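Given next are the chains, with one letter for each unit.
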Amino acid sequence: VMIQEHKRGLSMGSMKVSSRLYILLAIAAAAFCILLLIAELGLSHLGDLQDSGHKRETESAEMQVAARLGASMYQVIADSIINRDLTASAKDWSEMKSASEKMLKRAEEIADTPEEKQEVSKASEAYRELVKIYESKVLPLLKVDAELKEIRVLDSAMDEQVKLIDSQFTPFARSLAA
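Residues numbered from 1 in each chain as written. Predicted model: local features only at pLDDT ≥ 70, side-chain atom pairs only at ≥ 80, totals over all residues. Heavy atoms only, no water.

Enquirer: So what's going on with the overall build of the protein chain? Residues and values would help.
Expert: From N to C terminus, the protein chain includes six helices and zero strands. Secondary structure elements in the protein chain, listed N-terminal to C-terminal, are α-α-α-α-α-α. Computed over C-alpha atoms, the radius of gyration of the protein chain comes to 34 Å, more than 25% over the 16 Å expected from 2.2 N^0.38 for 178 residues, which places it beyond the range of a compact globule. Taken along its principal axes, the extent of the C-alpha atoms in the protein chain is 120 × 30 × 20 Å. Taken across its 178 residues, the protein chain has 28% of its residues classed as buried. Per element, the accessible surface of the protein chain, about 12000 Å² overall, is 60% carbon and sulfur. (Helix = DSSP H or I, 4+ residues; strand = E, 2+ residues; numbered from the N terminus. Rg over C-alpha atoms; globule rule 2.2 N^0.38 Å. Buried < 20%, exposed > 50% of the residue type's maximum accessible area, 1.4 Å probe, protein only. Areas by Shrake-Rupley, 256 points an atom, 1.4 Å probe, with all protein chains shown as cover.)

What follows is the structure in structure tokens.
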């Protein structure tokens, strides 16, 4: 008889109504806290996804500009050939070179897949080759006021490097936008 009374003491049926309400309230509060925690974790994850997406979009926009790097450099080169103002050209070239090197460094920081790293590496190689052709071959010809036909011989080599720079950055920028 005592065992049966003891077992009955543990059931909800033998508890006071107020005790039952407190237990149900505690269970409801615990469930509410768990739901709040789950919602907070979900929102935090969504915030991280949004931040990541924004970062990638910003990087994509930067690399869209880099996709025109070769053409921008060639514009400075062409201006120096056409105008033959070596002082202004030296200033413009210095600024373009500085901006280009920053852009290439930024691209190296952004690239995170083997394909992207390879594209940036190829663009950097083409950039260095374009700088080499211009500084070691074209500028000396400009300084001695060489004929345009002598400079034209180097133009196709520079065009090739410009195309290579731009063609490497274009898929890189697209991959960032995807």
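Enquirer: Which residues make up the packing of helix 3 (residues 69–83) against helix 5 (residues 114–143), and what values go with them?
Expert: Two numbers describe how helix 3 lies on helix 5: the axes approach to 11 Å, and their chain directions differ by 5°. Classified by the angle their axes make, helix 3 and helix 5 are roughly parallel. The residues of helix 5 that touch helix 3, namely those facing Met73, Ile77, Ser80 and Ile81, are Tyr127, Leu130, Val131, Tyr134, Val138 and Leu142. Per-class residue counts for the contact of helix 3 with helix 5 are nine nonpolar, one polar and no charged. (Axes fitted to C-alpha atoms, helices over the stretch in contact; angles between N-to-C directions. Parallel < 35°, antiparallel > 145°, perpendicular 65-115°, else oblique. Contact = heavy atoms within 4.5 Å. Nonpolar A, V, L, I, M, F, W, Y, C, P; charged D, E, K, R; others polar.)

Enquirer: An account of helix 6 (residues 148–177) is needed here, citing residue identities and associated values.
Expert: For helix 6, which comprises 30 residues, the first-to-last C-alpha distance of 42 Å matches the rise-based estimate of 44 Å (1.5 Å per residue) to within 8%. The largest bend along helix 6 reaches roughly 30° and is located at leucine 154. Every buried residue of helix 6 is accounted for by Ile151, Leu154, Met158, Gln161, Val162, Ile165, Asp166, Gln168, Phe169, Phe172, Ala173 and Leu176. (Expected span 1.5 Å × (residues − 1). Bend = angle between axes of the 7 residues up to and from the residue.)

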